[in-house]
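Structural overview
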Amino acid sequence: MRQHKLALCAMHFPQWMVEQTQRFIEKYRMFTPDDRVLVAVSGGKDSLSLWDILWQLGYNVDGVYIALGIDGGFGYSQKSQALCEKFADQRGLKLMVIDAPQQIGVTIPELAKVTQRGKNKPCSVCGLTKRHLLDRVALERKYDVLATGHNLDDEAAVLFGNTLNWHIGYLHRQSPVLPARHAGLVRKVKPLCRFYEREMAAYALVRGIEYIYEECPHAEGSTTIYYKSLLNQLEADRPGAKLSFYLSFLQAKQRGLFAQPQEGEEGVGAGGERLYTCPSCGGPTTVEGLCAFCRMVEKVK
Ligand code: Q46
Ligand code: ZN
């Protein structure tokens with residue numbers, strides 16, 4: 001690991017990853033051993049490794065998989081669900097499977113067509129659906145916190161995009177911990193946000209975690225992938241560039257850059273706007289009436 005000037009063997013590397021994760025959980029005050037943690041798993045290396053790490057650390061942690069009904073010619077959703085189930089079975093862990101098409105009435109690609117949102121790419125409706133279903137399952141089943149497997153490469157790419165466009169609201173909100181700003185939202189944390197994608201792949205390999213190698217077929221050509229490749233070029237010339245880009249941002253934020261006085265308080269959105277409550281699902285919405293998810297479901301009906 002050039003950025004840390006550190007070389008570890010196959011025995012000490014996973015131990016180091018587990019210890020580091022515990023450090024980050026404490027440093028950012030993500031959760032405590034008393035909390036009920038729900039990990040959102042996709043079948044990929046990051047989320048399954050996160051579950052593995054939290055399980056080894058002895059946290060009270062269950063998993064949730066959102067079945068999206070995406071095929072891509074190779075049974076993407078089916079395959080990733082099977083890997084999550086296998087992972088949970090091998091360790092005796094509890095996995096909940098939420099069937100998105102069952103909840104909405106159509107698969108994610110069909111939903112994109114019906115609603116005409118993102119005609120070519122279902123990612124915006126997919127993201128909206130996943131966020132909604134994850135908040136709902138976490139709240140209904142009384143979890144204290146929802147953990148996701150976002151790694152440093154993911155966070156640096158999002159930060160890069162937000163900085164290129166100076167999305168102040170998003171910049172202010174991007175953080176290893178996202179407090180619940182509304183009764184319809186659960187607290188969210190990203191314990192892997194300081195690990196490089198390479199480190200996560202190495203961890204999964206060394207621990208023998210079986211994960212889905214293929215990306216979602218709809219991820220191809222996304223701006224995030226483009227930003228990641230740009231940042232990889234930078235990292236190749238300057239080892240540690242991604243980490244310092246992200247950490248310097250967190251420090252700058254702590255010092256008050258992007259501060260918006262009201263943001264973060266309950267009932268106030270990312271841009272400081274008021275949050276209303278959706279009369280149908282009880283989730284948050286920035287305009288009065290149905291939330292974006294419920295409006296989308298109405299359209300399907
Ligand atoms: S799963 Fe969904 Fe992603 Fe696939 S359709 Fe797009 S948003 S790429 S993380
Ligand atoms: Zn709603």
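This text goes with the structure placed above it.
Described in the following lines is the structure provided in the data block. (Residues numbered from 1 in each chain as written. Chains lettered and ligands numbered in written order. Predicted model: local features only at pLDDT ≥ 70, side-chain atom pairs only at ≥ 80, totals over all residues. Heavy atoms only, no water.)

**Brief notes about the pairing of strand 2 (residues 60-67)**
- Most of strand 2 is tucked away, with seven of its eight residues classed as buried.
- Relative to strand 2, strand 1 (residues 36-41) runs parallel, the two sharing six bridges. Paired with Arg36 across the bridge in strand 2 is Asn60.
- In terms of handedness, the path from strand 1 via helix 2 (residues 45-56) over to strand 2 forms a crossover that is right-handed.
- The pairing of strand 2 with strand 3 (residues 95-99) spans five bridges and is classified as parallel. Along strand 3, the bridge assignment pairs Gly63 with Leu95.
- Taken together, strand 2, helix 3 (residues 76-91) and strand 3 form a β-α-β motif whose crossover is right-handed. (Buried < 20%, exposed > 50% of the residue type's maximum accessible area, 1.4 Å probe, protein only. Helix = DSSP H or I, 4+ residues; strand = E, 2+ residues; numbered from the N terminus. Pairing = 2+ DSSP bridges. Right-handed = clockwise from strand over helix to strand, strands pointing away.)

**So, the sheet that holds strand 4 (residues 145-147)**
- Pairing is mixed across the open sheet formed by six strands, whose spatial order is 3-2-1-4-6-5. Looking at strand neighbours, the two that pair on one side only are strand 3 and strand 5 (177-178), the edges of this open sheet.
- For strand 5 and strand 6 (residues 187-189), the ladder comprises two bridges, and the chain directions are antiparallel. Its bridge partner being in strand 6, Val177 is matched across the sheet by Val189.
- Strands in contact with helix 2 are strand 1, strand 2, strand 3 and strand 4; relative to strand 1, the strand with the most contacts, it is inclined by about 155°.
- Helix 6 (residues 123-140) contacts strand 1, strand 2, strand 3, strand 4 and strand 6 of the sheet and is inclined by roughly 145° relative to strand 2. (Contact = heavy atoms within 4.5 Å. Axes fitted to C-alpha atoms, helices over the stretch in contact; angles between N-to-C directions.)

By themselves these figures say nothing about function.
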